[in-house]
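# Close look at the chain arrangement
What follows is each chain in one-letter form.
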Amino acid sequence: MAPYTITYFPVRGRCGATRIMLSDQGQEWKEIVVNFEEWMKGDLKKTCVFGQLPKFEDGDLVLFQSNAFLRHLGRRHGAYGKNDCEAAHIDMFADGVEDLRTKYLKMIYQEYETGKDAYIKDLPNHLCKFEAVLAKNKSGFLVGDSISFADYSLFEVLLNHQVLSPTCLDSFPALNSFVATLSARPKIKAFLDSEDYKKLPINGNGKQ
Ligand SMILES: N[C@@H](CCC(=O)N[C@@H](CS)C(=O)NCC(=O)O)C(=O)O
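Residues numbered from 1 in each chain as written. Predicted model: local features only at pLDDT ≥ 70, side-chain atom pairs only at ≥ 80, totals over all residues.

As a further point, take the site of the ligand. Every residue near the ligand is listed here: G13, R14, K45, Q52, L53, P54, Q65, S66 and N67. Each residue belonging to the shell around the ligand can be placed in one class, and the counts come to two nonpolar, five polar and two charged. (Near = placed C-beta within 6 Å. Nonpolar A, V, L, I, M, F, W, Y, C, P; charged D, E, K, R; others polar.)

Structural data, given as structure tokens:
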């Protein structure tokens, strides 16, 4: 039986990176899909620590906050660095990715029509920071010489940005190569090619 369960709306949303990480780590998981009508009844919401989904279960351990899922899986599956210093850097980059994801989600949900063009214009100013880190590290990963949960998080955010602006990585060779390398990892490739992945919209409002 799958040890992990994700309870979430029918969307990639805040579980995109978790699902990619689980796939790459060769893990199985169960999905409990909550539709809008069910959620609006309010019973499930009352049981969620912050009144929101996604929810992640690892046996008896119940978590909310999608970045906590990634950190937990990082510890469980050896994707949280080789020592405390690497772990601290991984946290730092994961938080940097989260800053970009938050800006992206604000644009998608609050100002898509009025702010999309300005967002895309400003995007290189954010991408260049990650480009510099990857160009310097040389291993192909953000930290050290092995994949971490921050890499999955960055990868997922970059995939979403390539949908928003297909040429956005063209002037960033290290980011381009990072996306190509992770996309070609056999288990990630199989997941990205699957119906389970393709059938879900990126965002809950259909904008991308
Ligand atoms: N910081 C949280 C954000 C969770 C969140 O924004 N959940 C939204 C959907 S993506 C939600 O539950 N919306 C319904 C509601 O607030 O009632 C995380 O990363 O998990």
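Read on, since the account is not over.
All right, on to the packing of helix α5 (residues 84-110) against helix α6 (residues 112-137) then. Helix packing for two helices is described by the angle between their axes and how far apart those axes are. Closest axis-to-axis distance for the α5/α6 pair is 9 Å, and the angle between their directions is 170°. Viewed along their axes, α5 and α6 adopt a mutual orientation that is roughly antiparallel. For the pair α5 and α6, contact is made by F93, G96, L100, M107 and I108 and by Y112, G115, K116, Y119, H126, K129 and V133, respectively. Its residues placed into classes, the contact of α5 with α6 shows seven nonpolar, three polar and two charged. (Axes fitted to C-alpha atoms, helices over the stretch in contact; angles between N-to-C directions. Helix = DSSP H or I, 4+ residues; strand = E, 2+ residues; numbered from the N terminus. Parallel < 35°, antiparallel > 145°, perpendicular 65-115°, else oblique. Contact = placed C-beta atoms within 7 Å.)

According to the domain assignment, the protein consists of domain 1 (4-78 + 190-198) and domain 2 (84-185). Centre-to-centre separation of domain 1 and domain 2, based on C-alpha positions: 21 Å. In this assembly, eleven residues from domain 1 lie in contact with ten residues from domain 2. Grouping the amino acids of the side of domain 1 that touches domain 2 by side-chain chemistry returns six nonpolar, three polar and two charged. (Domains from an automatic or database assignment.)

Spatially, β2-β1-β3-β4 is the arrangement adopted by the four strands of the open sheet, whose pairing is mixed. A strand with exactly one partner marks an edge of an open sheet, and here the two such strands are β2 (29-33) and β4 (61-64). Sheet twist, expressed as the average angle between the axes of neighbouring strands with direction ignored, equals 20°. Of the pairings in the sheet, the one linking strand β3 (residues 55-58) to β4 comprises four bridges and is antiparallel in character. In the strand pairing of β4, F56 is matched with L63. (Pairing = 2+ DSSP bridges.)

On to the nonpolar core. Ranked by internal contacts, the top residues of the largest apolar core, which has 39 residues, are M21, L70, F93, L142, F149, A150 and L154. Mapped onto this core, the elements with two or more residues apiece are β1 (4-8), α1 (16-24), α4 (66-76), α5, α6, α7 (149-164) and α8 (173-184). Mapping this core onto the domain boundaries places at least three of its residues in each of domain 1 (4-78 + 190-198) and domain 2 (84-185). Those residues within four positions of M21 in sequence are excluded, and the remaining contacts are L70, L73, F149 and Y152. (Core = buried A, V, L, I, M, F, W, Y, C linked by C-beta atoms within 7 Å. Buried ≥ 20, exposed ≤ 12 C-beta atoms within 10 Å, placed from the backbone.)

Our focus in this paragraph is the UniProt feature "domain: GST N-terminal" (unreviewed entry) in the protein. Mapped onto this numbering, the UniProt entry annotates "domain: GST N-terminal" (unreviewed entry) at residues 2-81. End C-alpha atoms of residues 2-81 are separated by 25 Å, and the span's content is 38% helix alongside 22% strand. (UniProt positions renumbered as here; feature names shortened; annotations may be inferred.)

Within this numbering scheme, the UniProt entry marks residues 83-202 as carrying the feature "domain: GST C-terminal" (unreviewed entry). Structurally, residues 83-202 is divided into 78% helix and 0% strand, and its ends, taken at the C-alpha atoms, are 34 Å apart.

Residue position: P186 is located in helix α9 (residues 186-193). Separated by 55 residues in sequence, P186 and E131 have C-alpha atoms that sit 24 Å apart.

Tracing the backbone through its elements, the reader meets Y8 in strand β1. Under the C-beta neighbour-count criterion, Y8 is labelled buried, with 21 such atoms within 10 Å. Residues Y8 and L22, spaced 14 residues apart in sequence, show a C-alpha to C-alpha distance of 16 Å. Non-local contacts of Y8, meaning those with residues more than four positions away in its chain, are made with G13, C15, V34, L53 and P54.

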